[in-house]
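Observations on the three-dimensional arrangement
What follows is each chain in one-letter form.
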Amino acid sequence: MTALHRDRAPDAPGSPGSPGTPGTPGLLGTSGTPGIVPAPERAFARSGAGAGAAFVCGIDFGGTKIAVATARPDGTVLANDRLTTDAREGAAQAVRRAVAAARGLIERTAAATGGQCTTVGAVSPGIVLPDRVLLAPNVPGWEDLALAATLAEGFGLDPARIAVGNDGKAAALAESRWGALCGADPAILLTVGTGIAAAIVLGGRVLTGAHGAAGEIGYLLRGRADTGFGAGRAPLEEYASGSGLGTRGSELLGHDVDAAALFADPDPRVAALVDDALDELAVHIANLATTLDAERIAVTGGLMHAAPRVLAALRARTREAVPFPPAVVPARFLQDASLRGALSLATELLANPAGLASSVGGG
């Protein structure tokens, strides 16, 4: 999903810290992180084969909350937990507490099932590189975080058993494997919440792009006179996302209001503002569907609390504008899409260690 930090563009391919050649695994080396203690080895399978059934662990790092879960390789969740990010306290403490929570969950799952954890998947907003996270969320220090290496040390695991990636793209992988996009190709997972993003599934893989930024449609221009990333702006996100609606609605009403309140407000001015934003979004999605000849679009994110209204706007535009209109459906994972994405990264790594990067990559 489009992030709020826009002061750094991704490096050119081949430059230090850039994603490099497409298909390069996002599985990283080591780093020193004070305060993280390796998990007890007995909870982890040393080579993917241990006593009892194997399971995986997933971590979703968000700007306000961190979600953790364990699951079977088929995606069935075994246990889960949630904690606040405490963003103002910085990146190090967020990762440290997430690892502690995950270690506890792994231990409890191992005790309950007799199995062992084989791989760990983690997702974050932004473009996850070996030594940093571009377009990072508003957590101090997150942009300088070597996420996979830090997690590998925290869990006491070989880095090859840690998979990291972008939250929206990983969520699309989960929907394509276990959810509403299963069997559809090409397909789009549209996330409409605080920000806006469209993850594209093509040939069974999630398109990452040359720099890991494919599908960051929040940066799309709304007109010829508009300015975008170079001016520190994300025009479509500012207009049609939950955060954008909150800002514009607050200006209209003269007091602070969020997107949920706007959707429920009967004031005709507010209804017009919301409907206009949804139609603006729908125009861009119709253009994307036409470009890809998409078979199916699944929609997730915070604005799906008003799913009938959101889906109606998207369906109306795609029906009238797209030569072969795609099905527009709710995503299966409306409440925990990114966490399911983290689990999907872990299960993909378990099933195909060499092919994970080409499925979703670090971006």
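Conventions used here
Residues numbered from 1 in each chain as written. Predicted model: local features only at pLDDT ≥ 70, side-chain atom pairs only at ≥ 80, totals over all residues. Heavy atoms only, no water. Buried < 20%, exposed > 50% of the residue type's maximum accessible area, 1.4 Å probe, protein only. Helix = DSSP H or I, 4+ residues; strand = E, 2+ residues; numbered from the N terminus. Pairing = 2+ DSSP bridges. Expected span 1.5 Å × (residues − 1). Salt bridge = Lys/Arg side-chain N within 4 Å of Asp/Glu carboxyl O. Contact = heavy atoms within 4.5 Å. Axes fitted to C-alpha atoms, helices over the stretch in contact; angles between N-to-C directions.

Here we take up the pairing of strand 7 (residues 162-166). Of all five residues in strand 7, five are buried; the element is thus mostly enclosed. With five bridges joining them, strand 4 (residues 116-124) and strand 7 adopt parallel strand pairing. Along strand 7, the bridge assignment pairs Ser-124 with Asn-166.

What follows covers helix 1 (residues 91-113). For helix 1, which comprises 23 residues, the first-to-last C-alpha distance of 32 Å matches the rise-based estimate of 33 Å (1.5 Å per residue) to within 8%. Positive backbone phi, at 75°, marks Gly-114, one or two positions downstream of helix 1.

For the structure shown, the criterion picks out 12 salt bridges. Close ionic contact of Arg-233 with Glu-238 constitutes a salt bridge, the shortest N to O distance being 2.9 Å. Take Glu-238: its relative accessible area is 33%, and that puts it in the partly exposed class. Residues joined in a network through salt bridges with shared partners are Asp-226, Arg-233 and Glu-238.

The end-to-end C-alpha distance of helix 5 (residues 242-253) is 16 Å, a good match for the 16 Å that 12 residues give at a rise of 1.5 Å each. Among all positions in helix 5, only Gly-242, Gly-244, Leu-245, Gly-246, Arg-248, Gly-249, Ser-250 and Leu-253 are buried. On its buried side, helix 5 packs onto helix 4 (235-240), helix 6 (259-264) and helix 7 (268-292). One or two residues past the end of helix 5 sits Gly-254, with phi positive at roughly 80°.

On the basis of which strands lie adjacent, the open sheet formed by five strands has the order 3-2-1-4-7 and mixed pairing. Since the sheet does not close on itself, it has two edges, and those belong to strand 3 (77-84) and strand 7, each with one partner. Between one strand axis and the next, the sheet turns through 15° on average, direction left out of account. Where strand 1 (residues 54-61) meets strand 4, seven bridges bridge the pair, whose relative direction is parallel. Each bridged residue has a counterpart across the sheet, and for Ala-54 the counterpart in strand 4 is Gln-116. Packing of helix 2 (residues 147-155) onto the sheet brings it into contact with strand 1, strand 4 and strand 7, and relative to strand 7 it is tilted by some 145°. Running over the sheet, helix 3 (residues 167-178) touches strand 4 and strand 7 and is turned about 110° from strand 7.

Read these as layout, nothing more, since geometry by itself doesn't imply function.
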